[in-house]
Amino acid sequence: MKILITGGAGFIGSAVIRHIINNASDSVVNIDKLTYAGNLESLASIESNERYLFEQVDICDRAELERVFNTHTPDAVMHLAAESHVDRSITGPVDFIQTNIVGTYTLLEATRAYWNGLSDQAKKVFRFHHISTDEVYGDLPHPDEVESSEELTLFTETTPYAPSSPYSASKASSDHLVRAWLRTYGLPTIVTNCSNNYGPYHFPEKLIPLVILNALDGKPLPIYGKGDQIRDWLYVEDHARALYKVVTQGKVGETYNIGGHNEKQNIEVVKAICSILDTLAPKDTPYAEQITYVTDRPGHDRRYAIDATKISNELNWQPEETFETGLRRTVEWYLNNQEWCQHVQDGSYQRERLGI
Ligand code: NAD
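Residues numbered from 1 in each chain as written. Predicted model: local features only at pLDDT ≥ 70, side-chain atom pairs only at ≥ 80, totals over all residues. Heavy atoms only, no water.

On to the overall build of the chain. For the chain, the count of helices and strands is twelve helices and 13 strands. A compact globule built from 356 residues should have a C-alpha radius of gyration of about 21 Å, and the chain, at 20 Å, falls within 12% of that. C-alpha extents for the chain along the principal axes are approximately 65 × 50 × 40 Å. Of all 356 residues assigned to the chain, the portion counted as buried reaches 54%. Relative to all contacts within the chain whose residues are 6 or more apart in sequence, the contacts with residues 24 or more apart total 82%. (Helix = DSSP H or I, 4+ residues; strand = E, 2+ residues; numbered from the N terminus. Rg over C-alpha atoms; globule rule 2.2 N^0.38 Å. Buried < 20%, exposed > 50% of the residue type's maximum accessible area, 1.4 Å probe, protein only. Contact = heavy atoms within 4.5 Å.)

In structure tokens, the structure reads:
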């Protein structure tokens, strides 16, 4: 296949491209606007492969998208381009509305125009895979609030949407648009909703890389509120494998939830990073002494957790990395890739708190 990937210079998109180029025989066309979150250095290991091609394109630019479709004639689209940081969406929602909603709409329309011109056979095998988040479902009961563990429900593919932040609301909107383009126009779409990812090449505004880099710099490790918010963590390479399975084997019209079976409180995650650093980069005092509690994020969801039974049963996908092995690999990667960390922070962002 020739797969058009949007947002391929980002954290997850670059993992998907590295996975496909290294493990499959498909070609990839990566289109990315290269915002602060997009870094071509994350693709350095595969950029000279003849099955890989990059074009700097904004998904809100319909004419450019048409040119890309007509030039490259893809067999599938994997749509990852998005504004993705909740704190930034609180400070300034406009880019989230523009890229996540208007951009997805523009991409759907460009895809539909291209798809309409394909032969009947090519139309049938074409796929539009929309990559979304579990945050569209809102939050789940927290252990603090329930009387029995049976009340600790999980997100399934039929959980009603109840987004809490401008980010998750914009992603929910894009999911609805994708569903409508399937129902109304017959565009062969598939949606995946995944839990929190972590791993190499993660921009250091997100919890895990931020904590690793602040710890190494002797800076405070900010914990929002009490740090008891629960997320279900998935190693990014496990997500990349799941996404490739979905685009190649998933059923049109279906949604698949993807998660790591790793429910952890934020404070547990931060303490685990500190203890790995105590071993790998020891200093006089334990890293955990840098932990500081700060005002919580407005509208902060308390718990997310995914039921990934469907993708496990139907596509035989399971995560390979445990939280312990994945976190250690991640910390090791940041220790060994300080240059990448320096380069991606060369812009205006200096790991300051956003979205208060
Ligand atoms: P990211 O912020 O690291 O990367 C986003 C990429 O999209 C960047 O390369 C950026 O340059 C590009 N981009 C932004 N606006 C664009 C535009 N208008 N046109 C073209 N490119 C544009 O995000 P990520 O963490 O890799 O997430 C990728 C996708 O997966 C997103 O849709 C996100 O909602 C979803 N997701 C993320 C997580 C997570 O934990 N990170 C979990 C579930 C789902």
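What follows is about the side chain of Thr 189. Among the structural elements, Thr 189 can be located in strand β6 (residues 189-194). Every residue in contact with Thr 189, bar those within four places of it in the chain, is listed here: Phe 128, Val 178, Leu 182, Val 252, Gly 253 and Glu 254.

This next bit is on unusual backbone geometry. Here the phi dihedral of His 261 falls at roughly 55°; this positive angle occurs in a residue that is not glycine. Inspection of the secondary structure assignment puts His 261 in the loop between β11 (255-258) and β12 (263-265). Accessibility expressed as a relative area gives 56% for His 261, which makes it exposed. If you check the backbone angles, Asn 316 has positive phi at about 55° while not being a glycine. Following the sequence through the fold, Asn 316 ends up in the loop between α10 (309-315) and α11 (323-336). Note on Asn 316: relative accessible area 53%, which makes it exposed.

What the seven strands build is an open sheet, ordered β3-β2-β1-β4-β5-β6-β11; its pairing is parallel. Looking along the sheet, the strands with just one partner apiece sit at the ends: β3 (52-56) and β11. Looking at each pair of strands side by side, their axes are set apart by 20° on average, direction ignored. Where strand β4 (residues 76-79) and strand β5 (residues 127-133) come together, four bridges link them in parallel fashion. If you follow Met 78 over to β5, its bridge partner there is His 129. Packed onto the sheet, helix α2 (residues 62-72) meets β1 (2-6), β2 (27-32), β3 and β4 and runs at close to 160° relative to β3. (Pairing = 2+ DSSP bridges. Axes fitted to C-alpha atoms, helices over the stretch in contact; angles between N-to-C directions.)

We now examine the nonpolar core. Membership of the largest hydrophobic core comes to 42 residues, with the highest contact counts inside it found for Ile 5, Val 16, Ile 20, Met 78 and Ile 311. Elements supplying a minimum of two residues to this core: β1, α1 (11-23), β4, β6, α8 (236-249), β11 and α10. Setting aside residues up to four positions removed in sequence, Ile 5 forms contacts with Val 16, Ile 17, Ile 20, Val 28, Val 29, Asn 30, Ile 31, Met 78 and Leu 80. If you look at the next biggest cluster of nonpolar residues, it comprises 33 residues, including Ile 212, Leu 221, Ile 276 and Cys 341. (Core = buried A, V, L, I, M, F, W, Y, C linked by side-chain atoms within 4.5 Å.)

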